[in-house]
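So you can see what is in the structure, the chains are spelled out below.
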Amino acid sequence: MSPLIGLVTAFLVTCALTPVAIRVAHRTGMVDRPGDLKVQSTPVAYLGGVAVFAGVFGALATTTPRLLIPLALALLLGLFDDRLDIPPRIRVLGEAVIALIGGALVPAGSGAIGVAITAVLILGLLNAVNLLDGLDGLASGVCSASAIGFAFISEDPRLLALSLLGALIGFLVFNRPPAQIYLGDAGAYLIGVALAILAALSLSSGDGTSTSVAIWAALPLIVAVPILDTLVAIARRLRAGKPIFSGDRSHIYDQLCDRGIPAKRVLVIMVLAQCVLALLGILASRLSSTASVSVMLLSAGILIAITVRAGFLTTDGGP
């Protein structure tokens, strides 16, 4: 299947199945209920991840079915978490198993190091996307921009990247504000693992060549918004003496909303930021080793400066 056909197929399948997922979620009680840290005033359906997986499945089942294994495992772990709110230790154990399986199936290079790199990518991005999923359309919109970036930095991940993009766009039809359905942990874990696999495929395509340096430089830019938001949230929690896995409003998107910026505008800001960073990542992937690293470091420096200047690291108790 060509990548463009994969994009269209994933879009159509996800568009068709998301309304079904909404109905099933409400009938089975798989909904996110209002709470102190929630943005909605009424229960909203989970199971968006099932529709996204179905869209990706249709594109990959006959071409690269091995990629579906870690994606399916991530979906299942998230479904259990959505339904049972499993303890953190069990969840982390499940994430570690998925990371090792993903590393074995899609190593980001040769030998044990390649397996380890993919495993670390899975653990990091699975949790980063889950933490980003706190505003209508945010995780699906930002990760759509990341998928576009992966589609253009290397040929190997293109089918999965465009299939993921098609599924996310189809899901956004129902997830845009005000959302009719959420990704849930199942969808967030699935997308995080998909981004990690895309990164691993990109790295393996340049393994052992000068291209790999440019790819390494491009990757942080293509997933910069989830990474930065996670680091800001962790830093604020540590400074406030709170557990890093505790829920609060320390995320960049929460802080922007708390400053009076409408949620829809925050969504646009975050997605546009990732679009710009993905374009910089694509640029870096096409430059020489030295130039690509320079683009990445300059972009990182600007992001850090903006983060500090805007006061995103400031806790409630002061700077």
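Before reading on, note that the structure itself is shown above.
Everything numeric in this text was worked out from a predicted model, so none of it was measured. Note on numbering: residues in each chain are counted from 1, in written sequence order. Under the rules for a predicted model, residues below a pLDDT of 70 receive no local features and side-chain atom pairs below 80 are neither given nor counted, while totals for whole chains, interfaces and linings still include all residues. Side-chain measures were taken over the full set of non-hydrogen atoms in the model, leaving aside hydrogen atoms and water.

### Considering the overall build of the chain
Short version of the rule: Only DSSP runs of H or I covering at least 4 residues are called helices, and only runs of E covering at least 2 are called strands; the numbering of each starts at the N terminus. For the radius of gyration, the atoms used are the C-alpha atoms, and the globule rule reads 2.2 Å times the number of residues raised to 0.38. With a 1.4 Å probe rolled over the protein chains alone, any residue whose accessible area is under 20% of its type maximum counts as buried; one over 50% counts as exposed, and the rest are partly exposed.
Scanning the chain for helices and strands turns up 13 helices and 2 strands. In terms of overall dimensions, the chain is globule-like: its C-alpha atoms have a radius of gyration of 19 Å, near the 20 Å expected for 319 residues. Along the three orthogonal principal directions, the C-alpha set of the chain runs to about 50 × 50 × 35 Å. Counting over 319 residues, the chain shows a buried share of 51%.

### Section: the nonpolar core
Rule in force here: Here, nonpolar core refers to any group of buried Ala, Val, Leu, Ile, Met, Phe, Trp, Tyr and Cys residues whose side-chain atoms link them within 4.5 Å. Contact criterion: two residues are considered in contact whenever any of their non-hydrogen atoms come within 4.5 Å of each other.
Residues Leu71, Phe150, Leu164, Leu195 and Met270 are the most contacted members of the largest nonpolar core, which totals 89 residues. The element contributing the most residues to this core is helix 8 (residues 184–205), with 15 residues. Ignoring any residue separated from it by four or fewer positions in sequence, one finds Phe150 in contact with Pro157, Ala161, Leu195, Leu198, Ala199, Ser202, Leu219, Ile222 and Val223.

### Comments concerning the pattern of salt bridges
Condition: The term salt bridge refers to a side-chain nitrogen of Lys or Arg lying within 4 Å of a carboxyl oxygen of Asp or Glu.
Considering all chains together, one arrives at 3 salt bridges under this definition. Close ionic contact of Asp254 with Arg249 constitutes a salt bridge, the shortest N to O distance being 3.5 Å. Among the residues examined, Arg249 registers a relative accessible area of 29% and is labelled partly exposed. One network of salt bridges, with partners in common, ties together Arg249, Asp254 and Asp258.

### So, helix 13 (residues 289–309)
An α-helical segment advances 3.6 residues per turn. Residues three or four places apart therefore align on the same side. Note the cut-off: Given a helix with a known number of residues, its expected span is that number minus one, times 1.5 Å.
Here helix 13 contains 21 residues, and its C-alpha end-to-end distance of 30 Å stays within 8% of the 30 Å for a straight helix at 1.5 Å per residue. Taken from the residues just after helix 13, Gly311 is the one with a positive phi, measuring 75°.

### Considerations on the side chain of Gln255
Relative to the helices and strands, Gln255 is located in helix 11 (residues 252–258). Residues in contact with Gln255, not counting those within four places in the same chain, are Val232, Arg236, Arg249, Ser250, Gly311 and Phe312.

### A short note on helix 1 (residues 3–28)
To keep things clear, this is the line we draw: The quantity called bend is, for any residue, the angle between two axes fitted respectively to the seven residues ending at it and the seven beginning at it.
Between its terminal C-alpha atoms helix 1 stretches 35 Å, which fits the 38 Å expected from 26 residues at 1.5 Å a residue. For helix 1, the principal kink sits at Leu17 and spans about 30°; a proline, Pro19, occurs within the next four residues. Buried residues belonging to helix 1 abut strand 1 (31–32), strand 2 (44–45), helix 2 (48–60) and helix 7 (158–175).

### Concerning the side chain of Asp82
Applied cut-off: Whenever two N or O atoms come within 3.5 Å, that pair is a polar contact, provided that in protein one can donate a hydrogen and the other can accept it, and provided that, for residues adjacent in sequence, both atoms are side-chain atoms.
Residue position: Asp82 is located in helix 3 (residues 68–84). Here Ala186 takes part through its backbone nitrogen, which lies 3.2 Å from a polar atom of the side chain of Asp82. Once residues within four sequence positions are removed from consideration, Asp82 is found in contact with Met30, Tyr46, Gly184, Asp185 and Ala186.

### Observations regarding a nonpolar patch on the surface
Threshold: Each patch is built from salt-bridge-free residues with over 30% relative accessible area, joining like charges within 9 Å and nonpolar side chains (Val, Leu, Ile, Met, Phe, Trp, Tyr) within 5 Å. Computed by Shrake-Rupley with a 1.4 Å probe, the accessible areas treat only the displayed protein chains as cover when residues are assessed.
A cluster of nonpolar side chains, namely Leu17, Val20 and Val24, defines an oily patch on the protein surface of about 200 Å² accessible area. Looking at the element boundaries, Val24 is found in helix 1.

### Observations concerning the packing of helix 7 against helix 8
So the rule is basically this: Angles here are taken between N-to-C directions and fall from 0 to 180 degrees, while the axes themselves are lines fitted to C-alpha atoms, restricted in helices to the stretch in contact. Note on terminology: angles under 35 degrees are roughly parallel, angles over 145 are roughly antiparallel, angles of 65 to 115 are roughly perpendicular, and the others are oblique. Two helices that cross are described as forming a left-handed crossing if the nearer one is turned anticlockwise from the farther one by less than a right angle, and a right-handed crossing if clockwise.
Relative to each other, helix 7 and helix 8 sit at 155°, their axes nearing to 10 Å. Of the possible angle classes, the one that applies to helix 7 and helix 8 is roughly antiparallel. Crossing angle aside, the handedness with which helix 7 passes helix 8 is left-handed. Of the residues in helix 8, those in contact with Leu160, Ala161, Leu164 and Leu168 of helix 7 are Ile191, Ala194, Leu195, Ile197, Leu198 and Leu201.

### Comments concerning the environment of Val308
Take Val308: it is sitting in helix 13. Accessibility expressed as a relative area gives 54% for Val308, which makes it exposed.

### Here's the deal with unusual backbone geometry
Residue Pro178 is reached from Pro177 by a cis peptide bond, and omega for that bond is -10°. Checked against the element boundaries, Pro178 lands in the loop between helix 7 and helix 8. At Leu47, a position not held by glycine, the phi torsion is positive, near 75°. Tracing the chain through its elements places Leu47 in the loop between strand 2 and helix 2. Given the relative accessible area of 12%, Leu47 is considered buried. Backbone geometry at Asp85 places phi at a positive 50°, although glycine is not the residue there. Turning to its location among the elements, Asp85 is positioned in the loop between helix 3 and helix 4 (88–105).

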